[in-house]
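A closer look at the structure
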Amino acid sequence: MTATDLPVHERITTARRWGMLAAGTGAQASSSVMVHGPAFLIPVLHTEAGLPLAQAGLVASAPLAGIMVALLAWGAVVDRRGERFALLSGLGLAAAGGLVATQTTGLVPLAGALFVAGVGGAATNSASGRVVVGWFPPERRGLAMGIRQTAQPLGVGLAAATMAVVAQRYGVAAALWIPTAATLVALVVVALVVLDPPRPPAAERADAPNPYRADRYLARIHGVSVLLVVPQFVVWTFALTWMVTDLGWSVGAAGGVVAGTQVAGAVARVGAGWLSDVVGSRMRPLRWVAVVAALTMGLLGVTAEWVPGVAVALMVLASAVTVADNGLAFTAVAERAGPFWSGRALGMQNTAQNLVASAVPPAAGLAVTAWGYPATYALVALLPLLAAPLVPVRGER
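Sequence order sets the numbering: in each chain, residues are counted from 1 along the sequence as written. With the structure being a predicted model, the display of local features is reserved for residues of pLDDT at least 70 and the display and counting of side-chain atom pairs for 80 or more, all residues being used for whole-chain, interface and lining totals. Just so you know, side-chain values use all the structure's heavy atoms and leave hydrogens and water out.

**Quick look at a nonpolar patch on the surface**
Every patch collects residues that have over 30% relative accessible area and no salt bridge, joining them within 9 Å if they carry like charges and within 5 Å if they are nonpolar side chains (Val, Leu, Ile, Met, Phe, Trp, Tyr). Every accessible area reported is derived by Shrake-Rupley at a probe size of 1.4 Å, with residue values counting cover from the shown protein chains alone. Any Lys or Arg side-chain nitrogen found within 4 Å of a carboxyl oxygen on Asp or Glu counts as a salt bridge. Together, Val69, Leu93, Phe115 and Val116 make up a nonpolar patch on the protein surface, roughly 300 Å² of accessible area in all. Only DSSP runs of H or I with at least four residues qualify as helices, and only runs of E with at least two residues qualify as strands; both kinds are numbered from the N terminus onward. With respect to the helices and strands, Val116 occurs in helix H5 (residues 107-121).

**As for the nonpolar core**
Counting 59 residues, the largest nonpolar core has Met20, Trp74, Leu87, Val194, Ile221, Met283 and Leu286 as its most contacted members. When residues of this core are assigned to their parent elements, the largest contribution, seven residues, is made by helix H15 (residues 325-337). Whether two residues touch is decided by their heavy atoms; if any such pair falls within 4.5 Å, the residues are in contact. Ignoring sequence-local partners within four residues, the contact set of Leu87 consists of Ala27, Thr124, Ala127, Ser128, Val131, Val190 and Val194. Here, the term nonpolar core denotes a set of buried Ala, Val, Leu, Ile, Met, Phe, Trp, Tyr and Cys residues that are joined through side-chain atoms within 4.5 Å. Relative accessibility decides the category of a residue: with a 1.4 Å probe and only protein chains considered, values under 20% of the type maximum give buried, values over 50% give exposed, and everything between is partly exposed. Membership of the second largest hydrophobic core comes to 27 residues, among which are Val229, Val235, Val312 and Leu314.

**Quick look at the packing of helix H7 (residues 138-148) against H15**
Helix axes use the C-alpha atoms of the stretch in contact, all axes being lines fitted to C-alpha atoms, and the angles between their N-to-C directions lie in the range 0 to 180 degrees. Between H7 and H15, the least distance of the axes is 9 Å, while the angle of their chain directions is 125°. Relative to H15, the element H7 lies oblique. As H7 runs across H15, the sense of the crossing is right-handed. Counted together, Arg141, Met145 and Arg148 of H7 and Gly327, Phe330, Thr331 and Glu335 of H15 form the full contact between these two elements. Under the grouping applied here, Gly and all other residues not named as nonpolar or charged are polar, the nonpolar ones being Ala, Val, Leu, Ile, Met, Phe, Trp, Tyr, Cys and Pro and the charged ones Asp, Glu, Lys and Arg. Partitioning the contact of H7 with H15 into residue classes produces two nonpolar, two polar and three charged. Orientation categories follow fixed angle ranges, with anything under 35 degrees roughly parallel, anything over 145 roughly antiparallel, 65 to 115 roughly perpendicular, and all other angles oblique. Here a crossing is taken to be left-handed if its near helix is turned anticlockwise relative to the far helix by less than a right angle, and right-handed if that turn runs clockwise.

**Some thoughts on the confidence of the model for the chain**
The predictor reports its confidence for every residue as pLDDT, a score running from 0 up to 100. Residues of the chain with pLDDT of at least 70 account for 94%, and the chain-wide mean is 86. A low-confidence stretch, residues 1-6 stays under pLDDT 50, and its non-local contacts, those more than four residues away or across chains, total four contacts.

**With respect to the side chain of Gln28**
Tracing the sequence through the fold places Gln28 in helix H1 (residues 14-36). Within polar-contact distance, the side chain of Gln28 engages the side chain of Arg148 at 3.1 Å. In this structure Gln28 touches Thr124, Asn125, Ser128, Arg148 and Ala151, once residues within four positions along its chain are discounted. We call two N or O atoms a polar contact when they sit within 3.5 Å, provided that within protein one can donate a hydrogen and the other can accept it, with sequence-adjacent residues counted only if both atoms are side-chain atoms.

**Structural notes on the pattern of salt bridges**
One pass over the full model with this rule turns up seven salt bridges. The salt bridge partner of Asp79 is Arg130, with a shortest N-O separation of 2.8 Å. Here Arg130 lies in helix H6 (residues 123-135) and Asp79 lies in helix H3 (residues 53-81), a separation of 51 residues in the sequence. Here Asp79 falls in the buried class, since its relative accessible area comes to 1%. According to the relative accessible area criterion, Arg130 is buried, its value standing at 5%. Glu335 serves as the salt-bridge partner of Arg141, at 2.9 Å between the closest nitrogen and oxygen.

What follows is the structure, given as structure tokens:
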């Protein structure tokens, strides 16, 4: 047997394969710092720069807007030009936007630069996921994708731990060097380490069937992921405020617990991916996650007012469970869509989730105002309950 006769995942060394996983995870983490980091600048922008909260929020949301409008386009780039090209182009654009942001102070130029950075950062969502799918065999792919999915909490954690402090001491421009430097480092690492995984000849692209026309498997995964993203963002958005306002915790203590939930979420993503490799299925663990998420959010709603100690523990558990589905769904979408459609399919997956996630804070805020935290948590528990039977377990192959 010659080297070219070996399966794709055996044509490179184990060290190189895990190095590419690390590079892809780093690229996604740097994008998360760039996209989510500006939210931690709101206090300084408001109190020291004198921006109204609405304008400070506009700056913070600019990279999120950029990533949402670009996900599908970058997915098409990945399908046509490959993962390495998309990663290098996207990280380069993100770094350029970050560099401009460090040199400007006006509201519109700053928001515009961060929007461009978000557009560039969107490339890592599909491209880094495809690197994992292409270079890892199916029996290792769930674990590998679970590790890659830790990039978001790692990036958010880095931003939370550094950007607000640096902005307060040295200014907003200095703080924006953190995501800019992260993307530049990721760019260099990707250039040195990442290779495009082999796939069928480009001539076969025109004959590649549209997986959305074959059946409803991908559409059902998208729908399940949209339903499951709501409890995730309800917990992420309001956990700190709930503990401070309803339970009387200090901001420091509540912030420490919220930081710990990021670690719990990262562990849950890796564990769910490993479990899917063990049982040989992505969809069965995805259904289990939906059921556990419904139970956890329901119990959180019941205990939030009467047993606060138990409720906090359930909130930490909910923070982990409600993100455990991400890697499972992401892997399943890429596997079913195939080498010429998975970029666009992953772009669709992320776009749908981000659109719904952006509506969660205001909608949940209205619910909390009208009915309180316990009722809101209980109400949100209905969504993963609806998601569980929609998981296409029988359609998996």
